[in-house]
Amino acid sequence: MNRRTFLAWVGVGSLASFFPLVLAICSKPTTAANPSTRPDGFIPVGTIQELDKKGSLLNSKIPALVIHNQKNSQDIFVVNPTCPHAGCVVKWKGNKEEFLCPCHGSQFTANGQLMKGPAHQGLKPYIAKVEGNLILVKPS
């Protein structure tokens, strides 16, 4: 075996030994591993008082953006805030009751439906509920 062949095999062996480590680092943790996930699959993301105070709640771990009906704080909407056009995080504009993408201007309704592009689809909605004071989201 010549030197070039030997070094090529050593390089391949080195890469192969790091493959399991790369898989472990890049793999997405399951919701079962998340200690805050309840047995029913819901994750607490905040309280009604926090939502009332801030106007919206952004949870980057799920990711989820929570808003509520101005007339009924128990009536909440939760969407994935990632714009399907370019991956920017949308902002809630309560005065206009819409989500707005700061990158290219896509607009979405309170429940995530597309109003105006350049995005070609709406925001992904999540199942949400209020138990007492706690806002719970079930990512799907």
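Residues numbered from 1 in each chain as written. Predicted model: local features only at pLDDT ≥ 70, side-chain atom pairs only at ≥ 80, totals over all residues. Heavy atoms only, no water.

A. Region of interest: the sheet that holds strand β7 (residues 107-108). Taken in spatial order, the four strands of this open sheet run β5-β6-β7-β8, and their pairing is antiparallel. Two strands in the sheet have a free side with no partner beyond their single neighbour: β5 (91-93) and β8 (114-116). Note that β5 and strand β6 (residues 98-100) share three bridges and pair antiparallel. Within β6, the position partnered with Lys93 by the bridge is Glu98. (Pairing = 2+ DSSP bridges. Helix = DSSP H or I, 4+ residues; strand = E, 2+ residues; numbered from the N terminus.)

B. Quick look at unusual backbone geometry. Here the bond from Ile62 into Pro63 is cis, since omega is -15°, no more than 30 degrees from zero. Among the structural elements, Pro63 can be located in the loop between β2 (57-59) and β3 (64-68). Non-glycine residue Glu97 carries a positive phi angle of around 55°. Turning to its location among the elements, Glu97 is positioned in the loop between β5 and β6.

C. Fine view of the pattern of salt bridges. Under the defined criterion, the tally for this structure stands at four salt bridges. Residues Asp40 and Lys129 are paired through a salt bridge, measuring 3.7 Å at the closest nitrogen-oxygen approach. Of this pair, Asp40 sits in the loop between α1 (3-26) and β1 (43-47) while Lys129 is found in strand β9 (residues 127-131), placing the two residues 89 residues apart along the sequence. (Salt bridge = Lys/Arg side-chain N within 4 Å of Asp/Glu carboxyl O.)

D. Region of interest: the packing of aromatic side chains. Taken as a whole and assessed by the stated rule, the structure comprises one aromatic pair. When the ring centre of Phe42 is taken as reference, the NZ or CZ atom of Lys129 above it lies at 4.4 Å. (Phe/Tyr/Trp six-rings, centres within 6.5 Å; stacked < 30°, edge-to-face > 60°. Lys NZ or Arg CZ within 6 Å of the ring centre and 35° of its normal.)

E. Spatial organisation of the state of the cysteines. Applying the stated rule across the entire model yields one disulfide. Between the sulfur atoms of Cys88 and its disulfide partner Cys103 the distance amounts to 1.9 Å. Across the S-S bond linking Cys88 and Cys103, the dihedral sits near -105°, which makes this disulfide left-handed. Remark: Cys103 occurs in the loop between β6 and β7 and Cys88 occurs in the loop between β4 (76-79) and β5; sequence separation between them is 15 residues. Overall, the relative accessible area of 14% leaves Cys88 in the buried class. Exposure remark for Cys103: the relative accessible area of 40% places this residue in the partly exposed category. Left unpaired, Cys83 is separated from the closest cysteine sulfur, that of Cys101, by 3.8 Å. Among the residues examined, Cys83 registers a relative accessible area of 2% and is labelled buried. Classification of Cys101 by relative accessible area gives buried; the value is 3%. (Disulfide = S-S within 2.5 Å. Buried < 20%, exposed > 50% of the residue type's maximum accessible area, 1.4 Å probe, protein only.)

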